[in-house]
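# Examining the three-dimensional arrangement
Each chain is listed here by its residues.
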Amino acid sequence: MQRIQESELIINKRGAVYHLDLRPEELADTIITVGDPDRVAAVSKHFDRIEHKCNHREFISHTGYMGKKRLTVISTGIGPDNIDIVLNELDALVNIDLATRTIKPELTPLNIIRVGTSGALQADIPTDSYVVSTHGLGIDNLLNFYRYEENDEEKQLLQSFVTQTQLNHRISQPYICGSSAHLIKHFVNNFHHGITVTCPGFYGPQGRILRLGLSNPQLIDRLTQFTFGPHRITNFEMETSGIYGLGKLLGHHCLSISAIVANRVTKQFSKDSQAAIEQLIRKTLDIISSW
Ligand code: R1P
Ligand code: URA
């Protein structure tokens, strides 16, 4: 069995993975990821008890119980680069023996659920509503660093996306990955469903103009108008497709759920985004604890 070298998988003096500073026994196999480190406590305040808390860089994690269900909530910070770190280190915690530095013969799938915020790309998806991502369509480039291939339907969808949006190769080579069928079936009532586009930034990469001109000023209109059979793009944000793509490659079940705080078509921003997120946290925890 190949030993993974010290420079490739860094383990600190506590026996914990480098960035997350977590040891295997400090992680549950159902994990909620949030972008904002302050949102970790907003989730864990609903736990019946917290058995472990950790705080390292932007990666705050709390592990505890709701009833008999053991959960970890962890902040990722903003963006796909952090998702590369979080997904790889979460996977290492369950699927690599940190003592021998070898891949375990039996792999453990995690349930990874992102509870985030997002901007809607359809007029009929108002602020303070909730979107479950059927697919993550990445224009953030992360999955292009891994050996990843879409299935036939995803390839067709992607081809149609490139043709319809005329996104040029200087911006990105897009990729797409579906959500976990195992998880999405629990999140049906009161959620919009659709394709989520993951961007490598909040301003230019999401078509926002403050003082700088954009290379692709029609980006929002083209994303809004895109259709492929029953599919349309509902929203964009900055983590979903990396979570879906890496999760699939590593064998985990992943789902991304977003509170819509901005609508980029109607140009509105939520009057109380904190309340919308708080309600999404409650709904998500209710569903998870009823599995
Ligand atoms: C940008 O404001 C951030 O908000 C969204 C985006 O994906 C990005 O991380 O998610 P979170 O609210 O979970 O951070
Ligand atoms: N998060 C994003 O990435 N974009 C938005 O418009 C709102 C939240």
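Please read these numbers as outputs of a predicted model, since none were measured by experiment.

### Considering the site of ligand 2
By nearness alone, every residue bordering ligand 2 is listed as Thr-117, Ser-118, Gly-119, Phe-202, Gln-206, Arg-208, Phe-236, Glu-237, Met-238, Val-261 and Ala-262. Residue Gln-206 places a side-chain N or O atom 2.8 Å away from a nitrogen atom belonging to ligand 2. Arg-208 places a polar side-chain atom, nitrogen or oxygen, 2.6 Å from an oxygen atom of ligand 2. Of all the elements in the fold, those that place two or more residues in the shell around ligand 2 are β7 (111–120), β12 (231–237) and β13 (253–263). Considering only residue class, the shell around ligand 2 consists of five nonpolar, four polar and two charged.

### Thoughts on the UniProt feature "domain: Nucleoside phosphorylase" (unreviewed entry) in the protein
Annotation from UniProt places "domain: Nucleoside phosphorylase" (unreviewed entry) at residues 31–282. In the segment residues 31–282, helix accounts for 27% and strand for 33%; the C-alpha atoms at its two ends are 15 Å apart.

### Section: the site of ligand 1
The local shell around ligand 1 consists of Gly-35, Arg-39, Ile-78, Arg-114, Gly-116, Thr-117, Phe-202, Glu-237, Met-238 and Glu-239. Between Arg-39 and ligand 1, the recorded distance is 2.7 Å, taken from a side-chain N or O atom to an oxygen atom. Note that an oxygen atom of ligand 1 is positioned 3.1 Å from one of the side-chain N or O atoms of Arg-114. Here the element with the most residues in the shell around ligand 1 is β7; it accounts for three residues. Class assignment of the residues belonging to the shell around ligand 1 gives a composition of three nonpolar, three polar and four charged.

### Observations regarding unusual backbone geometry
With glycine set apart, most residues show a phi of negative sign, and most peptide bonds adopt trans. In the Ramachandran plot, Arg-101 falls in the positive-phi region, its phi being about 60 degrees despite a non-glycine side chain. On the secondary structure map, Arg-101 appears in the loop between β5 (96–97) and β6 (102–103). Judged by relative accessible area, which is 7%, Arg-101 ranks as buried. Backbone geometry at Asn-190 places phi at a positive 70 degrees, although glycine is not the residue there. Mapped onto the elements, Asn-190 comes out in the loop between α4 (181–184) and β10 (192–198).

### Here's the deal with the nonpolar core
Counting 57 residues, the largest nonpolar core has Leu-20, Ile-32, Val-43, Leu-90, Phe-191, Leu-255 and Ile-257 as the members making the most contacts within it. Core analysis: the next-biggest nonpolar cluster, separate from the first, contains 18 residues, Ile-139, Ile-176, Phe-228 and Phe-236 among them.

### Topic: the packing of aromatic side chains
Two numbers describe a pair of aromatic rings. These are the distance of the centres and the angle of the planes. A full pass over the atoms with the stated rule returns four aromatic pairs. Both rings, one in Phe-202 and one in Tyr-203, keep their centres 5.0 Å apart while their planes meet at 75 degrees; by these two values the pair is edge-to-face. An aromatic cluster is present here, built from Tyr-130, Phe-187 and Phe-191 joined pairwise through their rings. Taking the ring centre of Phe-202 as reference, the NZ or CZ of Arg-208 above it sits at 3.8 Å. Taking NZ or CZ as reference, Lys-283 lies 5.1 Å from the ring centre of Phe-191, over its face.

Parameters and conventions
- For every chain, the first residue of the written sequence is number 1, and numbering continues from 1 onward in sequence order.
- The naming scheme follows written order: chains are lettered A onward, ligands numbered 1 onward.
- For this predicted model, a pLDDT threshold of at least 70 governs which residues receive local features, and a threshold of 80 or more governs which side-chain atom pairs are given and counted, while totals over whole chains, interfaces and linings are taken from all residues.
- By convention in this description, side-chain values take in all heavy atoms of the structure and omit both hydrogens and water.
- One heavy atom within 4 Å of a molecule or strand is enough for the residue carrying it to be called near that molecule or strand.
- Here a polar contact is taken to be a pair of N or O atoms separated by no more than 3.5 Å, where protein atoms must pair a possible hydrogen donor with a possible acceptor and residues adjacent in sequence count only if both atoms sit in side chains.
- Each helix is a run of DSSP H or I of at least 4 residues and each strand a run of E of at least 2, with the numbering of both proceeding from the N terminus.
- Under this grouping Gly is polar, as are all residues other than the nonpolar Ala, Val, Leu, Ile, Met, Phe, Trp, Tyr, Cys and Pro and the charged Asp, Glu, Lys and Arg.
- UniProt positions are given in the numbering used here, feature names are shortened, and annotations may be inferred rather than shown by experiment.
- For the exposure calls, accessible area comes from a 1.4 Å probe over protein chains only, and a residue counts as buried if that area is under 20% of its type's maximum, exposed if over 50%, partly exposed in between.
- Definition used in this section: a nonpolar core is a set of buried Ala, Val, Leu, Ile, Met, Phe, Trp, Tyr and Cys residues joined via side-chain atoms within 4.5 Å.
- Paired rings are identified among Phe, Tyr and Trp, the last through its six-membered ring, by centres lying within 6.5 Å, and are further divided according to the angle between planes into stacked (under 30 degrees), edge-to-face (over 60) and tilted (the rest).
- By the criterion adopted, a ring carries a charge over it if an Arg CZ or a Lys NZ lies within 6 Å of its centre and within 35 degrees of its normal.

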